[in-house]
Every structure is written in structure tokens, then in C-alpha cells.
Amino acid sequence: MSNKSAKAGGELHDVVIVGGGAAGIATAASVLARRPDLDILVVEPQTKHYYQPGWTFVGGGVFTAASTERDEESVMPRRAHWLKSAVAAFAPEANEVILDNGERIGYRVLVAAPGIKLDWGAVEGLPETLGKNGVTSNYRFDLAPYTWRLVQEFRGGGARSSRNPPCQSNAPAPHRRRFIFPAMSGSAMERLKKQPSSFTTRAVCSSESRIMSRR
Ligand SMILES: Cc1cc2nc3c(=O)[nH]c(=O)nc-3n(C[C@H](O)[C@H](O)[C@H](O)COP(=O)(O)OP(=O)(O)OC[C@H]3O[C@@H](n4cnc5c(N)ncnc54)[C@H](O)[C@@H]3O)c2cc1C
């Protein structure tokens, strides 16, 4: 494979990775560790990178939300090229991706790692009540701290925690929450420990399964 070169109408890279999240960054680092000569372009529009598994622990009061956030630049492998832009479409017949400004970027190998998009609106009324009224989710950076606040302020009366069907993003995460809370001390924890059955709401699964869709 060759290094970056001009292609009629745009750039040509050995590898183009769409998305600089955990998958995109890990792929770039892994490939470059074996083939440092490759020209790898990571297309990622966000300037922040998130350690999503940490949000479970933010909701459990173990991590701060800030500790799960990094500058994208700081996690980008040194030899990878970062293009701060979004891919709007794929053109596999031409081995190209089309950016949201219309520019076309050519590749020899494409890695598509744009993550998943959570469709909160698939559950009626959920977007309106998330983040207030005692409704929260550890699947959002901004809401995980609210989970911890709710745990601390819990005074009894019922706490419900849903889990995901196996096909969803990290289905075991809600189970972990179930174990994190009871393992902690404090009066709020003592109250939650007395309500173990409130962490097994299978009934919510069927509606939650509609939340996730592919980007
Ligand atoms: C609460 C929680 C707990 C979890 N716990 C675990 C765990 O314990 N173990 C585990 O293995 N996994 C866990 N996961 C799952 C894990 O975090 C995810 O699977 C992983 O972060 C997904 O990485 P990704 O790179 O595929 O997606 P993301 O990290 O979402 O990254 C996708 C990137 O693509 C970019 N992007 C999107 N669209 C475009 C576009 N059009 N053009 C260019 N870029 C684009 C986005 O800006 C984003 O930066 C957990 C997830 C959550 C939410």
C-alpha cells in the first residue's frame, strides 16, 4: 500500500476510518502498531472523546463525569491523520466517502465505526422527562451524574432500573449498576439495598428495545 496521494477529484488514503470513538481509535492504533507506514485518516467531527463504560460508574458515584471525557486530539494515535469533519454518505463503487461539505475522500480500505444513535423518542414521553422527575439514564454523559444524585437523594418509595435486551449497546451495563449500588455504603444505599426487587424490571425491556437504531 502507498502513502497519501492525490486522486482525481480528491485525496486517497490507505485506510479511512469513519468515527474516532473507542472502535475507530483502537482500530487506528492497532493497525499502525503493525503497519506504521500506512496512511490512516480518521474522520471525526467531535473534539471530545468519551469513555462510555465509565458512565455506569459515574451513576454509581465512583467516577466523575469529567474523568470520562478527553480531548479527541489526546487519544488520536500520533501517526494517524485526523480530519475534523462528518461523513454524510458512502460511495463504495468509487471507494470514496462523501463529507458533509460535499468533498470526496478516497480509500483503499474503509473502516466504518460511527457508533450507534440512541432513539430516545422511540419511547413515548421519554425525551420530555429524562433528566427530571427522577428519570435518568447512564447511557448519556450529561445524565449519569443525575443518576448518582437520585441515588443519594433516595428516600424510599420505589426505584426502578431497566435492563437492555442482549442486542443493545453493552447490555450488561444495567446489571453492573445493580451490583454497584448495593456494594456502597451510606444511608441512601441502605435504603436501596432494602429494595433489591426494584432492579429487575423485565417489563421495561420490550419498550427499551426500540430505543436503539443504527446511524
Ligand atoms: C453506560 C455504558 C456502559 C458500557 N459498558 C461497557 C463495558 O463495560 N464493556 C464494553 O466493552 N463496552 C461497554 N459499553 C459499550 C462501549 O462503550 C461502546 O460499545 C463503545 O464505546 C462504542 O464505541 P464506538 O467507537 O463503536 O462508538 P462511539 O464511542 O459512540 O464512537 C462513534 C464515533 O463516531 C462519530 N461519528 C458518528 N457519526 C459520524 C459521521 N457521520 N462521520 C464521522 N464520525 C461520526 C461520533 O462522533 C463518535 O465519536 C458501555 C456503553 C455505555 C453507554
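Up top is the structure.
As the structure is a prediction and not an experimental result, all values here were calculated from the model.

Conventions adopted
- Residues numbered from 1 in each chain as written.
- Predicted model: local features only at pLDDT ≥ 70, side-chain atom pairs only at ≥ 80, totals over all residues.
- Heavy atoms only, no water.
- Helix = DSSP H or I, 4+ residues; strand = E, 2+ residues; numbered from the N terminus.
- Buried < 20%, exposed > 50% of the residue type's maximum accessible area, 1.4 Å probe, protein only.
- Contact = heavy atoms within 4.5 Å.
- Pairing = 2+ DSSP bridges.
- Phe/Tyr/Trp six-rings, centres within 6.5 Å; stacked < 30°, edge-to-face > 60°.
- Lys NZ or Arg CZ within 6 Å of the ring centre and 35° of its normal.
- Salt bridge = Lys/Arg side-chain N within 4 Å of Asp/Glu carboxyl O.
- Patch = residues over 30% accessible without salt bridge, like charges linked within 9 Å, V, L, I, M, F, W, Y side chains within 5 Å.
- Areas by Shrake-Rupley, 256 points an atom, 1.4 Å probe, with all protein chains shown as cover.

As a further point, take the overall build of the chain. Along the backbone of the chain there are eight helices and eleven strands. Out of the 215 residues in the chain, the part that is buried amounts to 37%. When contacts within the chain are restricted to residue pairs at least 6 apart in sequence, those whose partners lie at least 24 apart make up 62%.

On to the pairing of strand β9 (residues 104-112), then. Summarising the sheet, strand β2 (residues 10-18) and β9 pair through seven bridges and their orientation is parallel. When the bridges of β9 are listed, Ile17 appears paired with Val111. Where strand β8 (residues 96-99) hands over to β9, the hairpin turn is made up of four residues, of which Gly102 adopts a positive phi near 95°.

What follows covers the packing of aromatic side chains. Inspection of every chain in the model, using the stated rule, returns four aromatic pairs. Ring centres of Tyr50 and Phe141 lie 4.9 Å apart, and the angle between their planes is 55°; on these two criteria the pair is classed as tilted. Residue Tyr50 is located in strand β4 (residues 48-50), and its partner Phe141 is located in the loop between α4 (126-129) and α5 (144-153); the two are separated by 91 residues in the primary sequence. The ring of Trp120 has Arg140 lying over it, and the distance from NZ or CZ to the ring centre is 6.0 Å.

So, about the pattern of salt bridges. The final tally for this structure, using the stated rule, is six salt bridges. Two residues, Arg149 and Glu153, come together in a salt bridge whose shortest N-O distance is 3.3 Å. Of this pair, Arg149 and Glu153 both sit in helix α5, four residues apart, which is roughly one turn of the helix.

Here we take up a nonpolar patch on the surface. On the surface, Tyr51, Val62 and Phe63 cluster together into a nonpolar patch covering about 290 Å² of accessible area. By the secondary structure assignment, Tyr51 is in the loop between β4 and α2 (54-59).

Note that all results are geometric; they support no functional claim without further evidence.
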